[in-house]
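# Structural overview for review
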Amino acid sequence: MRIGLYPGTFDPVTLGHLDIIQRAMALVDCLVIGVAINRDKGPLFNLEERVAMLERECAVIAARCGGEIRVHPFENLLIDCARDVGAGVIIRGLRAVADFEYEFQMVGMNRALDASIETVFLMADARRQAIASKLVKEIARLGGDVSKFVTPAVNEALAQKYR
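In what follows, the accompanying structure is described. (Residues numbered from 1 in each chain as written. Predicted model: local features only at pLDDT ≥ 70, side-chain atom pairs only at ≥ 80, totals over all residues. Heavy atoms only, no water.)

## A word on helix H5 (residues 133-141)
Considered for burial, the residues of H5 that qualify are Ser133, Val136, Lys137 and Ala140. Along H5, the residues classed as buried sweep out an arc of 100° about the axis, all on the same side. On the buried face of H5, the contacting elements are helix H1 (15-24) and helix H6 (152-161). (Buried < 20%, exposed > 50% of the residue type's maximum accessible area, 1.4 Å probe, protein only. Helix = DSSP H or I, 4+ residues; strand = E, 2+ residues; numbered from the N terminus. Arc of directions from axis to C-beta. Contact = heavy atoms within 4.5 Å.)

Written as structure tokens, this is what we have:
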């Protein structure tokens, strides 16, 4: 069984994330969504809320694609998380050249830690390249319309946070 790991904070999950998840399903039999517990980032949504959002949104994708998607919180090194879930590949989404520079460094470090785990980059769909969770939160906080960037359920969750 080919297992892939798609890590991130997903605060909140966006249409860009969901695009990468859907396309990653064509590459693996099981996709583990690694929800990073990063206390330094001070997420808007707590871990339980982010996991619930992902489980809800990914159920639709899994049903459509016919594969398995699991949501797995983690707080250790990415490479250790990959080992923990049995992933042979780490999936990363890229939006712009700046993303690649950071990711290139991460791949080098991860390969030094465990050369048996590959990293695969998927380019964000052109319609989704500008979407970043940080910007979505900022727009929502200032009363802007984020419905083009997130699902209706996530849009409602953002609205509740900023009421």
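After presenting the structure, the write-up continues.
## Focus on the packing of helix H2 (residues 47-65) against H6
Between H2 and H6, whose axes approach to 11 Å, the crossing angle comes to 160°. Viewed along their axes, H2 and H6 adopt a mutual orientation that is roughly antiparallel. In the crossing of H2 with H6, the sense of the turn from one axis to the other is right-handed. Touching Glu49, Met53, Arg56 and Glu57 of H2 are Ala153, Val154 and Lys161, all from H6. Tallied by class, the residues present in the contact of H2 with H6 amount to three nonpolar, no polar and four charged. (Axes fitted to C-alpha atoms, helices over the stretch in contact; angles between N-to-C directions. Parallel < 35°, antiparallel > 145°, perpendicular 65-115°, else oblique. Left-handed = near helix turned anticlockwise from the far one by under 90°. Nonpolar A, V, L, I, M, F, W, Y, C, P; charged D, E, K, R; others polar.)

## Focus: the environment of Asn38
If you trace the backbone, Asn38 turns up in the loop between strand S2 (30-36) and H2. Spatially, the C-alpha atom of Asn38 lies 12 Å from that of Arg50, the residues being twelve residues apart in sequence. Other than its neighbours up to four places away in sequence, Asn38 contacts Thr9 and Pro43.

## Regarding the pairing of strand S4 (residues 89-94)
The buried fraction of S4 is high, at five of six residues. Note that strand S1 (residues 3-8) and S4 share two bridges and pair parallel. Looking across to S4, one finds that Gly4 is bridged to Val89. Pairing of S4 with strand S5 (residues 118-123) involves six bridges; the strand directions are parallel. (Pairing = 2+ DSSP bridges.)

## So, the packing of H1 against H2
Two numbers describe how H1 lies on H2: the axes approach to 10 Å, and their chain directions differ by 35°. As for the relative orientation of H1 and H2, their crossing is right-handed in sense. Across the interface between the two elements, Leu18, Ile21 and Gln22 from H1 touch Leu54, Glu57, Cys58, Ile61, Arg64 and Cys65 from H2. Each residue belonging to the contact of H1 with H2 can be placed in one class, and the counts come to six nonpolar, one polar and two charged.

## Here's the deal with unusual backbone geometry
Apart from glycine, the bulk of residues carry a negative phi angle, and the bulk of peptide bonds sit in the trans form. In this structure, Pro12 follows Asp11 across a cis peptide bond, with omega equal to 0°. By the element assignment, Pro12 lies in the loop between S1 and H1. The residue Phe10 is not glycine, and still its phi comes out positive at about 50°. The exposure class of Phe10 is buried, given its relative accessible area of 2%.

## Quick look at the layout of surface pockets
One number sums up the size of the largest pocket: a volume of about 1200 Å³. If you go around the largest pocket, you meet 43 residues; those closest to its centre are Pro7, Gly8, Thr9, Lys41 and Arg92. Of all the secondary-structure elements, those providing two or more residues to the lining of the largest pocket are S1, H1, helix H3 (78-85), S4, helix H4 (97-113) and H5. Element by element, the count of residues in the lining of the largest pocket is highest for H4, at eight residues. Among the residues making up the lining of the largest pocket, the classes are represented as 21 nonpolar, eleven polar and eleven charged. (1 Å grid on protein atoms, 1.4 Å probe; cavity = no way out; pocket = protein on both sides within 12 Å on 5 of 7 lines; lining within 4 Å. Points joined across faces, edges and corners; volume = space filled by probe spheres on them.)

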